[in-house]
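# Examining the three-dimensional arrangement
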Amino acid sequence: MLVLPRPHGKSFAHRSELKQAKRIVVKLGSAVVTRGDECGLALGRLASIVEQVAMLQNQGREMMIVTSGAVAFGKQRLRHEILLSQSVRQALHSGQNQLKDMSVPVLEARACAAAGQSGLMALYEAMFTQYSICTAQILVTNLDFHDEQKRRNLNSTLHELLRMNIVPIINTNDAVVPPPVPNSDLQGVNVISIKDNDSLAARLAVEMKADLLIALSDVQGLYDSPPGTDDAKLIDIFYPGDQQSITYGTKSRVGIGGMEAKVKAALWALQGGTSVIIANGTDPKVTGHVITDIVDGKKIGTFFSEVKPAGPTVEQQTEMARHAGRALASLLPEERGEIICCLAELLTEKKDEILSANRKDMELATATGRAPLISRLSLSTAKLNSLAIGLRQLAASSRNSVGRVLRRTKVANNLELEQITVPIGVLLVIFESRPDCLPQVSALAIASGNALLLKGGKEASNTNKILHQLTQEALSIHGVADAIQLVSTREEVEDLCRLDKLIDLIIPRGSSQLVRDIQRAAKGIPVLGHSEGVCHVYVDVDASVDKAIDVDSKCDYPAACNAMETLLIHRDLLRTPMFDQIIDLLRAEQVKVHAGPRFASYLTFSPSEVKSLRTEYGDLECCIEVVDSMQDAVDHIHKYGSSHTDVIVTENENTAEQFLQQVDSACVFWNASSRFADGYRFGLGAEVGISTARIHARGPVGLEGLLTTKWVLRGEGHTVADFSEQGSMKYLHENIPVPQGTLN
């Protein structure tokens, strides 16, 4: 990876630009370098950090380290020497092997630093040698920056080391440095008091015109109030002038700085043109990749930026959506239906504005060589009219969604229990290049009373913007415009997947690769979707010729997730007129055939043999494989399928019913195209996607799949003690009939 130098003087405006950082200063706080007992170094953690710095250095970046740890390392050595010395003297004095309790005197920090500096440097040198990287030690004090000649010498030395691909390791010379002067703080652009490694790192970064300063500590970043307090929130981006909104806590367990010192140093460096991130270097879950993740632009720690975005952050958008979503859920079903109908009207009334925005997206896609996107991007009057019809159907069918009573139980006299449907909460829907997805998903969220965050592909940004504006216009008729938010910041999908305290469910709409990426990234948030659509059609020995030669499953829309990818043929049908007709029809439709292993063995000259029986082609291609029986077909589907949609073609009802019962997929069909696996075709009005999950919703997910339940218990002062052996009450647990459509 070649990283080119950039003109210095202006810090990066966004995290995504950090990949361009050429010269990087990594500051390791005392809490990062030292062990929990403050006596000795955290060797595993340090080795991980060295590995990341070496990786970035070998990419062509210029890395510098400002490190703490000399005092802790020296304290460990001196304590060992003192204890050893005391034990020898005591043994000589007493003449006995039994030693008395020995106490270690308080060790002076400067002496510890003097004793530990050489050992700390030797450790760094040994670790970096493993990656064929040379290091150099530089000890500095305030005078080295305030004396002009010394400052120039330091600058020259550092530049020469960087030129020779050497990693400078810098520390304050704690063996001679005086104690910090009270109230001697950061004093403008040209002067900074080197009173701890935070201020040293900031001064060094500005002096060396570094692109990025990464300050690692023992907290996740900067919080708006002391970490650990109930309402403390991690600040994603911090801007100059925001200091008044921060309440600082106590400093870390070791070191002489604190978060306030870090913030002041960071702002000073930012003013000097260096971007800054404060992050956690002690968390075992992220330590192994925290530095490289930061440079990759991932959302870690607090990013200091001078460029304040015009709109709210994604965290603020989520909070706004959740608040308005609760109001949306409390509306009457008729009022939510009115919002959906209003959106349907707007889609047809404002079609000229929508289509104008859509043309801009399509022109841009064509100009940038992304012509294959056109069919997915394209909207038309007919498509908008169809969308409006689907929305009106959804509005009509959503009258008894939220608050529907599913079950009612008389637990005991005057103690009644209900199970009712409620919204899931905040949904995040990530979709690619299909702007028609936005009104469909929005309508489903409105009908189910859920708050919604939408993250669309940038290729449809103009169309998505106007469709979202119309959605909010419809929501505003009942004062809940903020319930649906369009994420338009430079938020990476992986960063959104980390908002586990803000988002309740992620629904990806797009390629199988997008779904897989989201499923991997979303560690703490459920993902509703399927990563692949490896759908099968099994042609049984008792199949009808007319039904067997219908290739709708493959050719209606080959890119769809419910298109056939593998055609399973019963062995007895080979070399029959029916089989020949199937092959001829596939050829006529220009479908490229790949032979499965067994099918290839029957042929003298076979088509190209399939590389994998789990392939989702998404095009006019398919695999043909031979099976011995219906049971063999079921076993093949279970082994190679993706539990999406599978079909049997047969006139034998008994065989069909066995297939329908045994195949464990979200959708199983008999004598019908796999393309019917769709929420609209099922009569759900619309769908947010198809799920192959084993729990919650499965198959096409419409309104019902976006609801969960809660239990409501109504009593008159009942206590559990009332139902004990000595109590006066008995459980009845009588089911009370619930008329269909009953609302709580």
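Residues numbered from 1 in each chain as written. Predicted model: local features only at pLDDT ≥ 70, side-chain atom pairs only at ≥ 80, totals over all residues. Heavy atoms only, no water.

Turning to the packing of aromatic side chains, a few remarks are in order. We describe a pair of aromatic rings using the distance from one ring centre to the other and the angle between the two ring planes. Tallied over the entire structure, the rule returns five aromatic pairs. Pairing phenylalanine 669 with phenylalanine 682 gives two aromatic rings, centres 6.4 Å apart and planes at 65°, and the pair type is edge-to-face. Separated by 13 residues along the polypeptide, phenylalanine 669 in strand 20 (residues 667-670) and phenylalanine 682 in the loop between strand 20 and strand 21 (689-691) bring together distant segments of the chain. You can call phenylalanine 669 buried: its relative accessible area is 12%. An angle of 15° between the planes, with centres 4.3 Å apart, marks the rings of phenylalanine 723 and tyrosine 731 as stacked. (Phe/Tyr/Trp six-rings, centres within 6.5 Å; stacked < 30°, edge-to-face > 60°. Helix = DSSP H or I, 4+ residues; strand = E, 2+ residues; numbered from the N terminus. Buried < 20%, exposed > 50% of the residue type's maximum accessible area, 1.4 Å probe, protein only.)

Summed over the entire model, instances satisfying the criterion amount to 36 salt bridges. Between glutamate 148 and arginine 151 there is a salt bridge whose closest N-O contact spans 2.5 Å. Here glutamate 148 pairs with arginine 151, and both are found in helix 6 (residues 148-163), just three residues apart, close to one helical turn. Across the pair lysine 547 and glutamate 651 runs a salt bridge whose closest N-O atoms are separated by 3.0 Å. Remark: glutamate 651 occurs in the loop between strand 19 (645-649) and helix 24 (653-662) and lysine 547 occurs in helix 19 (residues 545-548); sequence separation between them is 104 residues. Relative accessible area serves as the criterion here: at 43%, glutamate 651 is assigned to the partly exposed category. Among the charged side chains, a network of salt bridges with common partners joins Glu148, Arg151, Arg152, Arg203 and Glu207. (Salt bridge = Lys/Arg side-chain N within 4 Å of Asp/Glu carboxyl O.)

Across the sheet, which stays open at both edges, the four strands sit in the order 13-12-11-14 with parallel pairing between neighbours. Among the strands making up the open sheet, the edge pair consists of strand 13 (484-486) and strand 14 (505-509). The sheet shows a mean angle of 20° between the axes of neighbouring strands, direction not considered. Inspection of the sheet shows strand 12 (residues 451-456) paired to strand 13 by three bridges, in the parallel sense. Following the sheet pairing, leucine 454 is matched in strand 13 by leucine 486. Against the sheet, helix 15 (residues 437-448) makes contact with strand 11 (426-431), strand 12, strand 13 and strand 14, and its axis sits at roughly 165° relative to strand 12, the strand it touches most. Taken strand by strand, helix 16 (residues 461-475) contacts strand 11, strand 12 and strand 13, and its axis lies near 160° from that of strand 13. (Pairing = 2+ DSSP bridges. Axes fitted to C-alpha atoms, helices over the stretch in contact; angles between N-to-C directions. Contact = heavy atoms within 4.5 Å.)

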